[in-house]
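These are the residues of each chain, in order.
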Amino acid sequence: DQQVKQNSPSLSVQEGRISILNCDYTNSMFDYFLWYKKYPAEGPTFLISISSIKDKNEDGRFTVFLNKSAKHLSLHIVPSQPGDSAVYFCAAGGSQGNLIFGKGTKLSVKP
Amino acid sequence: NAGVTQTPKFQVLKTGQSMTLQCAQDMNHNSMYWYRQDPGMGLRLIYYSASEGTTDKGEVPNGYNVSRLNKREFSLRLESAAPSQTSVYFCASDQRGGREQYFGPGTRLTVT
């Protein structure tokens, strides 16, 4: 059973608009959440993270929101740029020491 | 500071052949990981090493073996390759489990 779910395989957004990528998790023991970005033929790169004691974390154009009661997190990219086109993976970590990854969402930002 | 390096970048094997994928990190991280990525499946953990001298199975360990050679290096071995092992393999490392992992560029493996 998937512990981390990204239900949208793809998302298309116009340049300059907001991109919202969603992620749901089932295990309440997760205490740390991350987003990774992956370009074709490259390894995933860490983008932004959030601890379970927070509900928001910002880094430039990227903001991650965490709703613990709903077991849901989202990544907001504002404004979206063509260079943001990539696959985004949500991941969750906890005391078990390993990250669990979602299946990814492919974001396309159109000029 | 090269981060996480992997060799080779590409490999084609015939069914039944063996090979070892190499991974090294220069960040003095304690933990290292091997993942495979298949279309629509995300990143699945094959094996991991929480610290030098220890290794443990992940979600999809069948058909693979690993060696944590020292703190820097973590290799993945396919003893008898099968077409189902066609995938892109990523090595990763982190200082402490459950937090930011740093990934290598990947090895694209095709088994015919």
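Above: the structure in question.
No experiment lies behind these values; they were computed from the predicted model shown.

K.L.:
It is not clear to me how unusual backbone geometry should be interpreted in this structure. Could you clarify?
P.N.:
Excluding glycine, residues mostly carry a negative phi; peptide bonds, for their part, are mostly trans. P79 of chain A follows V78 of chain A through a cis peptide bond whose omega is -10°. Here P79 of chain A shows up in the loop between β8 (72-77) and β9 (86-93). Note that the residue after T7 of chain B, namely P8 of chain B, is joined by a cis bond; omega there is -10°. Relative to the helices and strands, P8 of chain B is located in the loop between β1 (4-7) and β2 (10-13). The backbone of A41 of chain A shows a phi angle near 65°, a positive value even though the residue is not glycine. Tracing the sequence through the fold places A41 of chain A in the loop between β4 (32-38) and β5 (45-51). Overall, A41 of chain A belongs to the exposed group, its relative accessible area being 65%. Phi at N28 of chain B is positive, roughly 60°, even though this residue is not glycine. Mapped onto the fold, N28 of chain B is located in the loop between β3 (19-25) and β4 (31-38).

K.L.:
Looking at this structure, I do not really get the state of the cysteines. What am I missing?
P.N.:
Working definition: the covalent bond between the sulfur atoms of two cysteines is a disulfide. All names here are of chain A. Applying the stated rule across the entire model yields two disulfides over all chains. The side chain of C23 participates in a disulfide bridge whose partner is C90; the two sulfur atoms lie 2.0 Å from each other. On the S-S bond that ties C23 to C90, the torsion sits near -75°, and the link is left-handed. Taken together, the residues span a long stretch of sequence, with C23 in strand β3 (residues 19-25) and C90 in strand β9 at a distance of 67 residues. For the pair C23 and C90, a shared accessibility class is recorded, and that class is buried.

Rules of the game
- Residues numbered from 1 in each chain as written.
- Chains lettered and ligands numbered in written order.
- Predicted model: local features only at pLDDT ≥ 70, side-chain atom pairs only at ≥ 80, totals over all residues.
- Heavy atoms only, no water.
- Helix = DSSP H or I, 4+ residues; strand = E, 2+ residues; numbered from the N terminus.
- Buried < 20%, exposed > 50% of the residue type's maximum accessible area, 1.4 Å probe, protein only.
- Disulfide = S-S within 2.5 Å.

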